[in-house]
Amino acid sequence: MSANDEHLVIVGNGMAGHRLLERVLAHPHRPRHITILGDEPETAYNRILLSPWLAGEMDRSALTLRERDWYTAQGVTLIAGERATAIDRRCRTLTTDQGRRLAYDRLVLATGSRAARPSVTGSDLDGIHAFRDLEDGERLASLADAGGRAVVIGGGLLGLEAAEGMRKRGMTVSVVHRATHLMNRQLDATAAGMLAAELRARGLEIHTGADLAAYAPNADGQRATGVVLSDGTTLAADCVVAAIGIVPNTSLAERAGLTTARGIQVDAFMTTSDPHISALGECCEFEGTTYGLIEPIWRQVEVLAARLCGDTPEPYRERPCATKLKVSGISLYAFGPITPAPEHDVLTYHDPQHGDYRRLLLRDGRLEGAVLYGDTAAGPWYFQCALAGHDLSAGRQALLFGEHDAQPLLDTPDTLSEEAA
Ligand SMILES: Cc1cc2nc3c(=O)[nH]c(=O)nc-3n(C[C@H](O)[C@H](O)[C@H](O)COP(=O)(O)OP(=O)(O)OC[C@H]3O[C@@H](n4cnc5c(N)ncnc54)[C@H](O)[C@@H]3O)c2cc1C
């Protein structure tokens, strides 16, 4: 059988599943029969834009990636609102929660992840929400439109985007964050302090170094009416959002006997322990790494799409990722290690009046990490410099001022600027 005649079934019509579908369809040797199955009722949408949508910065329609007609026109069978519940690997069939049975030649698991829930007293109460999908977003938007108080647990990227979105819709929002500064995985204390000051000035209440001890129940013990911190502080809330992290959706793979650890284990071609089944995106694990940002997932898509269409792609490799925050009016950009090692050369520029901060970590003249707050224009160029691994020593004194000042001093190709653009 040539690759063309195979039936490709993709489970999960989220960001990874949809992008994979687009890439496979663009290939001249696409499998003729393709089915994409997702348990969300909508066609694929841009999950990343849920944050600006919650903040009222865009219309719901801008989130949709493709309408139903498109799938039909492409000869793709779309099954929406149905959940894959079992895989029979011997017979190569998939079963759904509606009793449907699908035969496959190649199966791709793109089941993503779900929000982690803090395991404290009261975690089974009603009124504790996640911010993961459109349904969550719509629920949070309508709660926020009604006003009142919200508590968001988690001061990482997602928690801050949820908090700002709900504040902009009219709620009084408190953020509870366990670490001593916000976004502690991406920012150093100075940049995080600038971020916290800006968010406080907008009206968010921020509690850092604050440990969640329990959810506070209402009189009949059914609903959360706030949170209790380990120092005894109680924060009342009409709505609690837990944004402490994500857990890969592996249960379908586990039940089918595929090898899983934190995620579904894959090799550098995204193949699971069964050669007929691949996995990618937030549900997979490669060499001990699981995923929460889109950039590596896009690279996984390229590898797997090529493979499914009979090409021999370069294997997938890990590489650093850069972080941005999608809160309008706040600009930050970061990559690499946060805590400097003793051998790091640390370059810092801080202009508190203009709200600008830049910190670069160099090892033997090579850039390994950057934290930028305020003017982040040079961020992508720094990132390209770090990926290229060039020795930047010759431009050291101008590095903090970005590519226009530093590039002429460097003995590196100008293509870095083009790649960063
Ligand atoms: C609000 C928000 C903002 C974000 N912002 C950014 C950002 O700015 N930058 C960035 O890099 N990343 C961001 N992310 C993360 C990014 O969205 C994810 O990395 C990406 O969506 C992962 O893609 P995925 O396809 O693996 O998972 P998902 O997009 O979650 O898709 C998985 C799909 O599979 C479905 N599914 C699961 N199990 C089954 C089953 N058994 N049967 C059928 N269907 C199933 C799920 O319902 C879901 O639709 C954000 C995430 C959120 C929630």
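Cut-offs and rules
- Residues numbered from 1 in each chain as written.
- Predicted model: local features only at pLDDT ≥ 70, side-chain atom pairs only at ≥ 80, totals over all residues.
- Heavy atoms only, no water.
- UniProt positions renumbered as here; feature names shortened; annotations may be inferred.
- Core = buried A, V, L, I, M, F, W, Y, C linked by side-chain atoms within 4.5 Å.
- Buried < 20%, exposed > 50% of the residue type's maximum accessible area, 1.4 Å probe, protein only.
- Helix = DSSP H or I, 4+ residues; strand = E, 2+ residues; numbered from the N terminus.
- Contact = heavy atoms within 4.5 Å.
- Phe/Tyr/Trp six-rings, centres within 6.5 Å; stacked < 30°, edge-to-face > 60°.
- Lys NZ or Arg CZ within 6 Å of the ring centre and 35° of its normal.
- 1 Å grid on protein atoms, 1.4 Å probe; cavity = no way out; pocket = protein on both sides within 12 Å on 5 of 7 lines; lining within 4 Å.
- Points joined across faces, edges and corners; volume = space filled by probe spheres on them.
- Nonpolar A, V, L, I, M, F, W, Y, C, P; charged D, E, K, R; others polar.
- Domains from an automatic or database assignment.

Per an unreviewed UniProt entry, the protein is named Assimilatory nitrate reductase (NADH) beta subunit, and its organism is Chromohalobacter marismortui. The protein has a UniProt comment under Cofactor (unreviewed entry) that states "FAD". Looking at the Sequence similarities (unreviewed entry) heading of the UniProt record, one finds this comment for the protein: "Belongs to the FAD-dependent oxidoreductase family."

**Brief notes about the nonpolar core**
Counting residues in each nonpolar core, the largest one holds 50 residues, and the members touching the most others are Leu20, Leu21, Ile87, Leu94, Leu107 and Leu109. The element best represented in this core is helix α8 (residues 294-308), accounting for six residues. Ignoring sequence-local partners within four residues, the contact set of Leu94 consists of Val9, Val11, Leu37, Ala84, Ala86, Ile87, Arg100, Arg101, Leu102, Tyr104 and Leu107. Core analysis: the second largest hydrophobic core is formed by 41 residues, Met171, Leu182, Val327 and Val371 among them.

**Describing the packing of aromatic side chains**
Tallied over the entire structure, the rule returns seven aromatic pairs. Centre to centre, the rings of Phe286 and Tyr316 are 5.3 Å apart; their planes meet at 75°, and the pair counts as edge-to-face. Of this pair, Phe286 sits in the loop between β20 (284-285) and α8 while Tyr316 sits in the loop between α8 and β21 (322-324), placing them 30 residues apart in sequence. Take Phe286 and Tyr316: they sit in the same class, and that class is buried. Ring-pair connections join several aromatic residues into one group, and the members of that group are Phe286, Tyr291 and Tyr316. In this structure, Arg19 packs its charged tip against the face of Trp298, placed 4.0 Å from the ring centre. We note Arg307 situated over the ring of Phe269; from NZ or CZ to the ring centre the distance is 4.2 Å.

**Structural notes on empty space enclosed by the protein**
Applying the stated rule across the entire model yields one cavity of 30 Å³ or more. Its boundaries defined by the atoms lining it, the largest cavity holds a volume of some 50 Å³. Forming the walls of the largest cavity are Ser51, Pro52, Ala55, Glu57, Glu161, Glu164, Gly165, Lys168, Arg202, Lys326, Val327 and Ser328. Mapped by element, the contributors of at least two residues to the lining of the largest cavity are α2 (50-54) and α5 (157-168). The element that contributes the greatest number of residues to the lining of the largest cavity is α5, accounting for four residues. Of the residues that constitute the lining of the largest cavity, the class distribution is three nonpolar, three polar and six charged. A domain split of the lining of the largest cavity shows at least three residues from each of domain 1 (3-114 + 248-308) and domain 2 (128-242).

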